[in-house]
Amino acid sequence: MVEGEKLIPINIEDQMKTAYIDYSMSVIVSRALPDVRDGLKPVHRRVLFGMHELGVRSNTAHKKSARIVGEVLGKYHPHGDSSVYDTMVRMAQWWNMRYMLVDGQGNFGSIDGDSPAAMRYTEARMRKMAEDMLIDIDKETVDHSLNFDDTLEEPTVLPTRIPNLLVNGSSGIAVGMATNMPPHNLAEVVDGTIAYLENQDITIDELMEYIKAPDFPTGGIIYGYDGVREAFKTGRGRVIVRAKTHFEEINNRDYIVVTEVPYQVNPETMREQTSNLVKEGKLEGLADIVDQTGKGGMRIVYELKKDAIPNVVLNNLFKHTALQSSFSVNNIALVNGRPEQLNLKDLIYHFVEHRHDVVYRRTQYELKKAKERIHILEGFMKVMATEDTMGKAIEIIRFHDRPKEDLITEFELTEIQAEAILALQLRRINKLLILQTKEEYEQLLAQIIDLEDILARKERRTEIIKEELLEIKAKYGDERRSVIEYAGGDISIEDIIPDEQVVITISNAGYIKRTSVNEYKTQARGGVGQKASATRDKDFIEHLFIGTNHQYMLFFTEKGKCFWLRVYEIPEGGKNTKGRAIQNLINIAPDDLVKAVICTHDLKEQDYINSHYVIMATKKGIIKKTCLEQYSRPRQNGIVAITIKEDDELLEARLTSGNSQVMLAVKSGKAIRFPEEKVRAVGRSGSGVRGISFDNANDEVIGMIAIENPKEETVLVVSENGYGKRTFIDDPETGEAVYRITNRGGKGVKTISVTEKTGNLVAIKSVLEEEDLMIINKSGMAIRLPVSDLRVMGRATQGVRLINIKGNDSIAAVAKVMKEEEDLSEGENMEDSTLINE
């Protein structure tokens, strides 16, 4: 140990705490967080101030970036040169800064993540907006502090006229905290700030009428407004941003074209991510991705496969790729050197207070300079009062040994006044100078009165701030780039899909498709029908449903599982196409089959799902009732809808309001009717109770209907050989029950006379006079006919021929459909008007 030195023992734990706190504060205050007043971190401020000191302005030539970086490093920022150059580069990149502050010349990188050229190759200068952030800096408007070696002074904040923190945002990671502030539109921010200046009690909701939402440099669509509102009100929120896309069709091929991407999304990385997802099988329907970006702007083209649905592919791209991303707002900035979380009004308040301070200090400086100048002019005026005084002054200046002291004595001048007079060239002292001096003196007197008024009245300063903000808006204000979809968070991609009525068919081999209902023509009863769907050899149409594109569909399989799907997600195809394997849409087991479907409204609407029920029936006569709420959260791999016993299978599922009557029909021609209340609601995994008993072991249930209006509805039954009829549920004249109401579990009554000619009963439906009927047989032939063409007959009759059956063909499915001109989406009970089941 050197002589004179002394060891001081300290606790290592205390030392580490102290050192880490010092380090943390240094990062927070001097590196990672922006100042709330000018929106800049120290390195940004030093770059702009260094360029200002170098004189690299918007109207001068560009200067080598290395020269600027060296200036900043050597004078103000003693860190790595990359930190300074990267900062300057970012301020020159249009995809990072909503309003760029640096004008770069050369390779400053690209939105695809390409690195900028080295600083020895590039050049830069300030933009006009940066000059407006430094304007008045020489008028003692802001405090200065010593640089790292105490040889120079640098500003602690810039006297910006630009509300930079709001318009350009900021991001940074400190110790124990981070900031992530989005950019906004300058014109909107100026309007909002002026509104605040006019009414300081303005609410955040009222401010949001001016400042709508963040405005990202890369554009895109702000999808949903809840996150924006939360961020404005609390300083934290999650803003969802989607790419701007549109569809194109070239040579009968569909394309998705992306013209704008979300903020801070690298298009090249996004393309690679999408390609990997396609290879992994997580994204279907994409054939190729081509980047056609050029001088005309961004254009990324997704080529779709022939059988792909553009809307569904786009929805999956939003779900799985960066085409939809979120910006997590975290408004933390330094207020008086301390980090604070700030809402929209706080940010405007601190900027306005800073402007008040700058205007006040600038006015003080200008007043001081005006008084200094008027003091000198008063000296001039004493000397130039008359020709005699002028002559005397000239004599003193020319011939006296101590002219300054003699002038002070002769004319009662101050030392400053005397020095100013001595600095005048004698040949300039003439009548014109005397007139100019008097004019300047009078102007300065008026200016001093005005400046003192500004200092005395805050209202004057407020007006000045407003005028300067309006100048900024006129110079730099532009249109919003990011489109706002206010309801985006509450809706999905189906908003661009027409909510039209469609026919969904499922073949015995498991192929599914949707076809516009308008492709089917109404035919007279007894016609042969037209080809409804192309199927493979030995395959036939087994299920036919009617729905609308926007509905939710719950698929129930014969093994008792439930799957969830939107109608528009089903591939579209013409009547003569076979469709797509259902296993590609829902994760159904290979040995399972879809037996029933329910179309519902929004499964997130609590009142709706808690007031509706699902009633299911099996071939063995079991019936089960469960609240719809139990089926409102299906998983990708399906959920158990009903526990099916051995040798049984699920046959039907119906959506009811809890007050309907249930009818079950068996293939031998009998049917039973009982109130829904007779079946107690049970959980999803329950197996149900006995609904109907059979006369013989070979009998089985062929269908179930839920009756809401027994006086208006009629029962339609169809046999396998094409015979069918309608029967009243309750006699409309006497009101007596044609099908008497019994307890569940009975054997029922005859609903059709089953003979060798008619064949077994295959379908039972509840129909109204104004509905149409769809009948399809196993060979794929279909016919559509009005229900009104079918005469109402007695309960025990065999009915009339509905469709001609050729050879060994037979009926496969029966469905009902409303008239095409009627609107199914308004004022109808979902289970009555849109649920059609095999």
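Residues numbered from 1 in each chain as written. Predicted model: local features only at pLDDT ≥ 70, side-chain atom pairs only at ≥ 80, totals over all residues. Heavy atoms only, no water.

Colleague: An account of unusual backbone geometry is requested, with residue identities and associated values reported.
Modeller: A positive phi is found at E140, a non-glycine position, where the angle reads about 55°. Among the secondary structure elements, E140 is positioned in the loop between α5 (128-134) and β4 (144-146). Here E140 falls in the partly exposed class, since its relative accessible area comes to 44%. The backbone of N336 shows a phi angle near 55°, a positive value even though the residue is not glycine. The residue N336 is located in the loop between β15 (332-335) and β16 (338-341) in this model. The exposed category is assigned to N336, whose relative accessible area is 77%. (Helix = DSSP H or I, 4+ residues; strand = E, 2+ residues; numbered from the N terminus. Buried < 20%, exposed > 50% of the residue type's maximum accessible area, 1.4 Å probe, protein only.)

Colleague: For the confidence of the model for the protein chain, give the residues involved together with the corresponding values.
Modeller: Across the protein chain, the average pLDDT comes to 87, with 92% of residues at or above 70. Highest mean pLDDT in the protein chain belongs to strand β3 (residues 123-126) (98); lowest belongs to helix α19 (residues 830-833) (34). Contacts for the low-pLDDT stretch residues 818-838, under 50 throughout, to residues beyond four places or in other chains number 71 contacts. (pLDDT = per-residue confidence, 0-100. Contact = heavy atoms within 4.5 Å.)

Colleague: Can you break down the environment of K128 residue by residue, with the values?
Modeller: Examined against the element boundaries, K128 turns out to sit in helix α5. Placed 69 residues apart in sequence, K128 and N59 show a C-alpha to C-alpha distance of 8.5 Å. Every residue in contact with K128, bar those within four places of it in the chain, is listed here: S58 and Y476.

Colleague: Help me get a handle on the packing of aromatic side chains, residues and values and all.
Modeller: Two numbers describe a pair of aromatic rings. These are the distance of the centres and the angle of the planes. Taken as a whole and judged by the stated rule, the model has 7 aromatic pairs. Judged by centre distance (5.8 Å) and plane angle (75°), the rings of F556 and Y631 are edge-to-face. Of this pair, F556 sits in strand β22 (residues 552-557) while Y631 is found in the loop between β27 (622-627) and β28 (639-640), placing the two residues 75 residues apart along the sequence. Summarising the burial analysis for this pair, F556 and Y631 share the class buried. Aromatic rings pair up to connect F216, Y263 and F327 into one cluster. Against the face of F318 rests R242, its NZ or CZ located 4.0 Å from the ring centre. (Phe/Tyr/Trp six-rings, centres within 6.5 Å; stacked < 30°, edge-to-face > 60°. Lys NZ or Arg CZ within 6 Å of the ring centre and 35° of its normal.)

Colleague: Help me get a handle on the UniProt feature "coiled-coil region" (unreviewed entry) in the protein chain, residues and values and all.
Modeller: The UniProt entry lists residues 434-475 under the feature "coiled-coil region" (unreviewed entry), expressed in the numbering used here. Taken end to end, residues 434-475 is 98% helix and 0% strand, and its two terminal C-alpha atoms sit 41 Å from one another. (UniProt positions renumbered as here; feature names shortened; annotations may be inferred.)

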